[in-house]
Amino acid sequence: MKKLNTTNKNYTTNEKCFQLQIPMNLNIIIPDDDSVRLLSQFVEEMDLTCLYETYSMFKENQVTPRQMLKILLYAYLDGKYSSREIEKACHRDVNYMYLLEGKHVPDHATIARFRSLHFAPCAKNILTQCAELLFELGEISGKNIFIDGTKIEANANKYTFVWKRAVTKNQEKFGKKAAALAAECVQTYALKPVWQGKVKIKTLKKLRKKLYAIKEQECIEFVYGSGKRKTLLQKHIEQLEVCLEKLKEYNHKIHVCGKRNSYSKTDTDATFMRMKEDAMKNGQLKPAYNLQHGIDAEYVVWLEALANPTDTPTLVPFLEDMQQHLSLKYMNIVADAGYESEENYSYIEEHGQFAYIKPSNYEISKTRKYQADISNRENMVYDEEKDCYRCSQGNLLKAAGSKQRQTASGYIATKVIYKCSDCTDCPVKGRCIKGNHWKVPESERFKSLEVSRRFERQRAESLKRITSKQGIILRINRSIQSEGSFADLKWDRGFRRFLCRGSSNVYAECVLLAISHNIEKLHNKIQHGKTGAHLHCEEKVA
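Residues numbered from 1 in each chain as written. Predicted model: local features only at pLDDT ≥ 70, side-chain atom pairs only at ≥ 80, totals over all residues. Heavy atoms only, no water.

**Looking at the pairing of strand β8 (residues 354-357)**
Piece 1. As paired elements, strand β7 (residues 332-335) and β8 share four bridges and run parallel to each other. Opposite A335, over in β8, you have I357 as the bridge partner.
Piece 2. Note that the unit made of β7, helix α13 (residues 342-350) and β8 has a crossover that is right-handed. (Pairing = 2+ DSSP bridges. Helix = DSSP H or I, 4+ residues; strand = E, 2+ residues; numbered from the N terminus. Right-handed = clockwise from strand over helix to strand, strands pointing away.)

**Remarks on the state of the cysteines**
Piece 1. For the structure on display, the rule yields zero disulfides.
Piece 2. In this model C130 remains outside any disulfide bridge; the closest cysteine sulfur is found in C50, 13 Å from its own.
Piece 3. Of all cysteine sulfurs, the one in C420 lies closest to C423, which takes part in no disulfide; the gap is 3.4 Å. (Disulfide = S-S within 2.5 Å.)

**A few points about the sheet that holds strand β9 (residues 381-383)**
Piece 1. Ordered in space as β9-β10-β11-β12-β13, the five strands form an open sheet in which the pairing is antiparallel. A single partner strand is all that each edge strand has here, and the edge strands are β9 and β13 (448-451). When the angles between neighbouring strand axes are averaged without regard to direction, this sheet yields 35°.
Piece 2. Pairing of β9 with strand β10 (residues 388-390), which is carried by three bridges, proceeds in the antiparallel orientation. Along β10, the bridge assignment pairs Y382 with Y389. (Axes fitted to C-alpha atoms, helices over the stretch in contact; angles between N-to-C directions.)

**Brief notes about the pattern of salt bridges**
Piece 1. Using the criterion set out here, one finds 27 salt bridges in the structure.
Piece 2. A salt bridge links K70 to E101; the shortest N-O distance between them is 3.9 Å. Of this pair, K70 sits in helix α4 (residues 65-77) while E101 sits in the loop between α6 (94-100) and α7 (108-119), and the two are 31 residues apart along the sequence.
Piece 3. On the basis of relative accessibility, which here comes to 1%, the residue K70 falls in the buried class.
Piece 4. Taken together, the shared-partner salt bridges connect E349, R457, E461 and R465 into one network. (Salt bridge = Lys/Arg side-chain N within 4 Å of Asp/Glu carboxyl O. Buried < 20%, exposed > 50% of the residue type's maximum accessible area, 1.4 Å probe, protein only.)

**Topic: the pairing of strand β12 (residues 412-420)**
Piece 1. Where strand β11 (residues 396-406) lies against β12, nine bridges are found, and the strand directions are antiparallel. Directly across from G401, in β12, lies its bridge partner I417.
Piece 2. Pairing of β12 with β13, which is carried by four bridges, proceeds in the antiparallel orientation. Bridging across to β13, K419 finds its partner in S448.

**Digging into the side chain of S516**
Piece 1. You can see S516 is positioned in helix α18 (residues 503-528).
Piece 2. Assessed through its relative accessible area of 0%, S516 is described here as buried.
Piece 3. A distance of 2.7 Å separates the side chain of S516 from the side chain of R493, its partner in a polar contact.
Piece 4. Polar contacts involving the side chain of S516 include one to the main-chain carbonyl oxygen of L513, which spans 2.8 Å.
Piece 5. S516 has contacts with L73, Y76, L77 and R493, leaving out every residue within four places of it along the chain. (Polar contact = N/O pair within 3.5 Å; in protein donor to acceptor, adjacent residues only side chain to side chain. Contact = heavy atoms within 4.5 Å.)

**Looking at the packing of α4 against α18**
Piece 1. In contact at an axis separation of 8 Å, α4 and α18 are set at 75° when each is read in the N-to-C sense. Relative to α18, the element α4 lies roughly perpendicular. Note on element contacts: α18 touches α4 through E509, L512, L513, I515, S516, I519 and E520, opposite L69, L72, L73, Y76 and L77. (Parallel < 35°, antiparallel > 145°, perpendicular 65-115°, else oblique.)

**A word on the nonpolar core**
Piece 1. Of all hydrophobic cores here, the largest spans 95 residues; its most connected members are L69, F119, L303 and L319.
Piece 2. Ranked by the residues each element gives to this core, the list is headed by α18, at 11 residues.
Piece 3. With 28 residues, the next largest nonpolar core counts A182, L207, I214 and L247 among its residues. (Core = buried A, V, L, I, M, F, W, Y, C linked by side-chain atoms within 4.5 Å.)

**Describing the packing of aromatic side chains**
Two aromatic rings are characterised by how far apart their centres lie and by the angle between their planes.
Piece 1. What the rule picks out here adds up to 12 aromatic pairs.
Piece 2. Centroid distance Y81 to F495: 5.0 Å. Interplanar angle 80°. Geometry classified as edge-to-face. One end of the pair, Y81, is in the loop between α4 and α5 (83-92); the other, F495, is in the loop between α17 (469-492) and α18, with 414 residues separating them in the sequence. When sorted by exposure, Y81 lands in the same class as F495, which is buried.
Piece 3. With centroids separated by 5.8 Å and ring planes inclined at 90°, the aromatic side chains of Y289 and F498 adopt a geometry described as edge-to-face. Taken as a pair, Y289 in strand β5 (residues 285-296) and F498 in the loop between α17 and α18 lie far apart in primary sequence, 209 residues in all.
Piece 4. Its relative accessible area of 2% is what places Y289 among the buried residues. (Phe/Tyr/Trp six-rings, centres within 6.5 Å; stacked < 30°, edge-to-face > 60°.)

So this is what it looks like as structure tokens:
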């Protein structure tokens, strides 16, 4: 029996001769209704001038940027995110070979470089073109946009955290030590104080310069190593060097934090947030990005990857960026209760749009316990003429002044303070004035309210909108469309952690996911004959 040499590098030497039956034309193998054909046509309609400008030159028989974009989009549609997996698929999968059009397969490094160096700078431009193309096809309405957010874990170590509060506290403590060292140096060498009050890095540098001048004048040589005794001047200069490095480190950390409270050393753009995926069941914070989607007719028309742990401060920058890039102006802004704030209402109102935002107390206000709580302002009678509230016992809460509060983004909200003149002998005082950490004794407490008249008017208008027939349809569609996009992202595709680091690369990944989602959604609508449908459940509500 003849033994085969199975260790030979060329495996074809041991194969038997057989007739090749697979057709060589890949166009014949792929079905006519395959999504890869739609993807290829969709990308061909885009103007990729910005993508081509990121290249300085092209090699012969090199995969073009348009083909690379097709491969990446189809890989994200196919659930392959690693550059090595994409390279392997290009060798084995017929659909990827169809997109390559006979070109050599790019290696994993080329794919990774394209994603981070070439695609990332023009990701917003390509996402804009995707939305514009869908609008031209009549697939998006351009009237209603459903906004929601989710948190996706960053590609960073969850134990390499830097907390701004801790850094600030340590910086203050170390500043006192540096001031003591500077005072000791001034006293020891009879120097003139070079600071006024607080010791800064500039102060320590001046002091170090003076100590080096003393070293040159006295011709002192610094010694290092075991068995050698350092002079007091050398010790002071080395301590100053340590202080300078430490203070520079603190300043750098605070600068990287910016307006955030924390960041990860592995990915400095990632912020620590509380995630729903909590394997330890202890509320552990993880480095993540807050991904915001703007959905129209189940298509992602705009997105942002922000560092805010909550959704409230993300709405204004999201709308500003969207209006800057898209030619569409959405009139109806639909969002959940997490986006309700006076600043968001005011921004939407100033731009001539309508807010369909559910009030944060909408669900709890329908309960009996809330309606029977006499401490709630909503359960008190308001007299518009006298501008006062009347409590359950008939006492008046009159306007006693106003105060202004500024948000982190700079918005100033004005609140009117209402106070009761006398609550001394009130029989329901314990139920009306709540709180266990009062510094004032219970006998001296008086009921007070802080009310923003502008916010109350805006909330009432939004409540009226969401309870109308159109508002009910939009609320139903918000839960279907915006939540559905994240369900497709996290559950259907299994994307729960970014592969890239840095805000620009993370945004590029989000855009690839969004465009691939849109193409898949368009493919499904075409095949099921549902193109042109923008809203669900219109007939049921009507």
